[in-house]
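Chain by chain, the residues:
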Amino acid sequence: MNWRRILVAAFALLAVAGVVGAVVVHRMTTGKLDHGAVFTADSGELAVKPGELFSVEVSAHRVTGQVWSVGEPVPDPTAVKTVGDEYVKNFGLKDLVGATGSAGSGGRYYFVFRAGPNPGRATITLRNPNHTGGAGGSDQGERHYTVEVR
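As the structure is a computational prediction, the values presented were derived from the model and not from experiment.

The next point concerns the pattern of salt bridges. Scanning the model with the defined rule gives four salt bridges in all. For arginine 121, the salt bridge goes to glutamate 148, with nearest N and O atoms at 2.5 Å. Taken together, the residues arginine 121 in strand 9 (residues 120-127) and glutamate 148 in strand 10 (residues 142-149) connect sequence positions 27 residues apart. Of the charged contacts, one joins glutamate 142 and arginine 127 as a salt bridge, the two residues approaching to 2.5 Å between their closest N and O atoms.

Here it is as structure tokens:
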């Protein structure tokens, strides 16, 4: 009877460790830039207020060549001004116990903008020149956002 309890307890611990070990935490608060309102859609329309700070978030894994940047044409600076961009790594369970890096967990790019002082529209294009395609075509190498300042 005792061996059965020990085996059940060991199995339960292994199952919990497997689930916890697979968890990757999104480290949004450790970036150096203020991201403002964060938009996570793959493309589409974004509505912001005049003067509002906002960012577009793109999941990426730089080790595999997913390197995103603002593409041409650049947004109309009277409607939207580029503030900056940064890559923020995800961190996994290994980071919590003092290990450096998080191989395999990727991260997110944040492209930060400030809406102009007056109503208007602008288009933001993000590009990944190393795009090789994704399963089902869900991960395109170019993303388009129409920003409406209202």
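Right, let's get into the nonpolar core. Membership of the largest hydrophobic core comes to 20 residues, with the highest contact counts inside it found for Phe54, Val80, Ile124, Leu126 and Val147. When residues of this core are traced back to their parent elements, those giving at least two are strand 3 (44-48), strand 4 (53-60), strand 6 (80-89), strand 8 (107-115), strand 9 and strand 10. Setting aside chain neighbours within four positions, we find isoleucine 124 in contact with Phe54, Pro75, Val80, Phe113, Arg143, His144, Tyr145 and Val147.

With seven of its eight residues buried, strand 4 lies for the most part within the structure. Sheet analysis places strand 2 (residues 37-39) next to strand 4, joined by three bridges and oriented parallel. By the bridge assignment, alanine 37 is partnered in strand 4 with phenylalanine 54. Bridge analysis of strand 4 against strand 8 gives eight bridges, and the strand direction is antiparallel. By the bridge assignment, serine 55 is partnered in strand 8 with valine 112.

Along the chain, valine 70 turns up in strand 5 (residues 69-70). Judged by relative accessible area, valine 70 falls into the partly exposed class, the value being 28%. The spatial distance from the C-alpha of valine 70 to the C-alpha of arginine 143 is 9.6 Å, given a sequence separation of 73 residues.

What follows deals with the packing of aromatic side chains. Taken as a whole and assessed by the stated rule, the structure comprises four aromatic pairs. Among the aromatic residues, those joined into a cluster by ring pairs are Phe39, Phe54 and Phe113.

This part takes up the sheet that holds strand 6. Strand order in the open sheet formed by four strands is 2-4-8-6, and the pairing between neighbours is mixed. Of all the strands in the sheet, just strand 2 and strand 6 have a single pairing partner and so form its edges. Each strand axis lies, on average, 25° off the axis of its neighbour in the sheet, ignoring direction. Here nine bridges tie strand 6 to strand 8, and the two strands are oriented antiparallel to one another. Within strand 8, the position partnered with valine 80 by the bridge is alanine 115.

What follows concerns the sheet that holds strand 3. Pairing between sheet strands relies on hydrogen bonds along the backbone, with the strands arranged either parallel or antiparallel. Spatially, 3-10-9-5 is the arrangement adopted by the four strands of the open sheet, whose pairing is mixed. Looking at strand neighbours, the two that pair on one side only are strand 3 and strand 5, the edges of this open sheet. Pairing of strand 3 with strand 10, which is carried by five bridges, proceeds in the parallel orientation. Among the inter-strand pairings, glutamate 45 is bridged to a residue of strand 10, identified as threonine 146.

Parameters at a glance
- Residues numbered from 1 in each chain as written.
- Predicted model: local features only at pLDDT ≥ 70, side-chain atom pairs only at ≥ 80, totals over all residues.
- Heavy atoms only, no water.
- Salt bridge = Lys/Arg side-chain N within 4 Å of Asp/Glu carboxyl O.
- Helix = DSSP H or I, 4+ residues; strand = E, 2+ residues; numbered from the N terminus.
- Core = buried A, V, L, I, M, F, W, Y, C linked by side-chain atoms within 4.5 Å.
- Buried < 20%, exposed > 50% of the residue type's maximum accessible area, 1.4 Å probe, protein only.
- Contact = heavy atoms within 4.5 Å.
- Pairing = 2+ DSSP bridges.
- Phe/Tyr/Trp six-rings, centres within 6.5 Å; stacked < 30°, edge-to-face > 60°.
- Axes fitted to C-alpha atoms, helices over the stretch in contact; angles between N-to-C directions.

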